[in-house]
Amino acid sequence: MDSTTTSGAGGGPLEFRDFAAARSRHLIRTAYLLTGGDAHLAEDLAQEALGKLYGSWRRVCRMENPAGYARTVLVNTFLSHRRRRSSREHVTDTFAESAAPAVDPALRLTLLQALAELPQQDRAVLILRYWEDLGVEETASVLRLTPSAVRSRASRALSRLRTGLGSEFDELARP
């Protein structure tokens, strides 16, 4: 059991403030990857997801895995944001500042750009499977897909990433 599912100091359910403090950085990092590197949108999505959790915290804090539920809320918030995105938003080719220095900034930017070019559902599958390290069944549950759809989307998305990164990735990945 991780620290996000333990009881508060009085033995009662975990307090929302403690949960939000413990999980917000992880939610922002996951949202950052889902958005293709848009740090500001990632913070907005994480905040919106935490707001949704706060509204139903009495029920959520009694769940076996509130952190997993928070991740599901975040992914659903991301997917619904993409569906309702209005024409007032403009996509740019510039990247937001990174939260921490990267080991290899060129490789990181190349990978983020390649992720951003994937369809949102494929990107969500890759993030949940390989960043969040969820199994096929868990990913399918979060995205409301069948396990075979998750496997095929992951395979197609990885193939697109490899094709999109091509020789540029080979050059950047060499030690």
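None of the values given here were measured: they were computed from a predicted structure.

### Notes on helix α7 (residues 136-143)
Along α7, the positions that sit buried rather than exposed are Val136, Thr139, Ala140, Val142 and Leu143. The buried residues of α7 occupy an angular sector of 165° when projected down its axis, which confines them to one face. Residues of α7 that are exposed and point more than 90 degrees away from the buried face comprise Glu137 and Ser141. With its phi angle positive at about 55°, Arg144 sits one or two positions after the end of α7.

### Observations regarding the side chain of Arg129
Locating Arg129 in the fold gives a position in helix α6 (residues 120-131). Among the polar contacts listed, one links the side chain of Arg129 to the backbone oxygen of Leu134, at a separation of 2.7 Å. For Arg129, the contacting residues outside a window of four places in its chain are Leu134, Gly135, Val136, Thr139 and Val150.

### Considerations on the pattern of salt bridges
Side chains bearing opposite charge may pair, as long as their charged atoms lie close to each other. Applying the stated criterion across every chain, the model contains four salt bridges. Linking Glu48 and Lys52 is a salt bridge whose minimum nitrogen-to-oxygen distance equals 3.8 Å. Residue Glu48 and its partner Lys52 are both found in helix α2 (residues 39-55); the two are separated by four residues, about one turn of the helix. Residue Glu48 is classed as partly exposed on the basis of its relative accessible area of 29%. The class of Lys52 is partly exposed, set by a relative accessible area of 40%.

### Concerning α2
Between the first and last C-alpha of α2 there are 25 Å, a value that for 17 residues agrees with the 24 Å anticipated at 1.5 Å per step. Of all the residues in α2, the buried ones are Ala39, Leu41, Ala42, Leu45, Ala46, Ala49, Leu50 and Leu53.

### Quick word on the nonpolar core
Soluble globular proteins: nonpolar side chains tend toward being buried together. Formed by 45 residues in total, the largest nonpolar core has its most connected members in Phe19, Leu50, Leu53, Val75 and Leu143. In this structure, Leu50 is in contact with Phe16, Phe19, Ala20, Ser24 and Leu27, ignoring residues within four places of it in sequence.

### As for the packing of aromatic side chains
Going through the model one piece at a time under the given rule, you end up with three aromatic pairs. Ring plane angle 75° and centroid distance 5.3 Å describe the contact between Phe16 and Trp57, whose orientation is recorded as edge-to-face. Note that Phe16 is positioned in helix α1 (residues 16-34) and Trp57 in helix α3 (residues 57-60), a separation of 41 residues in sequence. Exposure remark for Phe16: the relative accessible area of 15% places this residue in the buried category. Residues Phe19 and Trp57 carry aromatic rings whose centres are separated by 4.9 Å and whose planes lie at 40° to one another, so their mutual orientation is tilted. One end of the pair, Phe19, is in helix α1; the other, Trp57, is in helix α3, and 38 residues separate them in sequence. You'll find Phe19 and Trp57 in the same group, each marked buried. Three or more aromatic residues joined by ring pairs form one cluster here, namely Phe16, Phe19, Tyr54 and Trp57.

### So, the confidence of the model for the protein chain
Averaged over the protein chain, the pLDDT score is 80; the fraction of residues at 70 or greater is 74%. For residues 1-12, every residue scores under 50 in pLDDT, and the model assigns this stretch 15 contacts once sequence neighbours within four places are set aside.

### Here we look at unusual backbone geometry
Within the chain, Asp133 stands out as a residue other than glycine whose phi angle is a positive 60°. Position of Asp133 relative to the elements: it lies in the loop between α6 and α7. Non-glycine residue Arg144 carries a positive phi angle of around 55°. In this structure, Arg144 sits in the loop between α7 and α8 (147-173). What makes Arg144 exposed here is its relative accessible area of 69%.

Rules used in this analysis
- Throughout, a residue's number is its position along its own chain's written sequence, starting from 1.
- The model is predicted, so local features are restricted to residues of pLDDT at least 70 and side-chain atom pairs to those at 80 or more, both for listing and for counting; the totals for chains, interfaces and linings are taken over all residues.
- Values shown for side chains rest on all heavy atoms present in the structure; no hydrogens or waters enter the calculation.
- Burial classes: relative accessible area under 20% of the type maximum marks a residue as buried, over 50% as exposed, and values in between as partly exposed (1.4 Å probe, protein chains only).
- Runs of E in the DSSP output that reach at least two residues are strands. Runs of H or I that reach at least four are helices, and both are numbered from the N terminus.
- Arc definition: directions from the helix axis to the C-beta atoms.
- Think of a polar contact as two N or O atoms within 3.5 Å of one another; within protein, one of them needs to be a possible hydrogen donor and the other a possible acceptor, and neighboring residues in sequence only count if both atoms come from side chains.
- Only heavy atoms enter the contact rule, under which two residues are in contact if any of them lie within 4.5 Å.
- Salt bridge, as used here, is a side-chain nitrogen of Lys or Arg placed within 4 Å of a carboxyl oxygen of Asp or Glu.
- The span expected for a helix works out to 1.5 Å for each residue beyond the first.
- Nonpolar cores are built from buried Ala, Val, Leu, Ile, Met, Phe, Trp, Tyr and Cys residues. Side-chain atoms within 4.5 Å join them into one set.
- The criterion for an aromatic pair is that two Phe, Tyr or Trp rings (for Trp, the six-membered ring) have centres within 6.5 Å, with stacked assigned to planes under 30 degrees apart, edge-to-face to planes over 60 apart and tilted to the rest.
- By definition, pLDDT measures how confident the predictor is in each residue, and it falls between 0 and 100.

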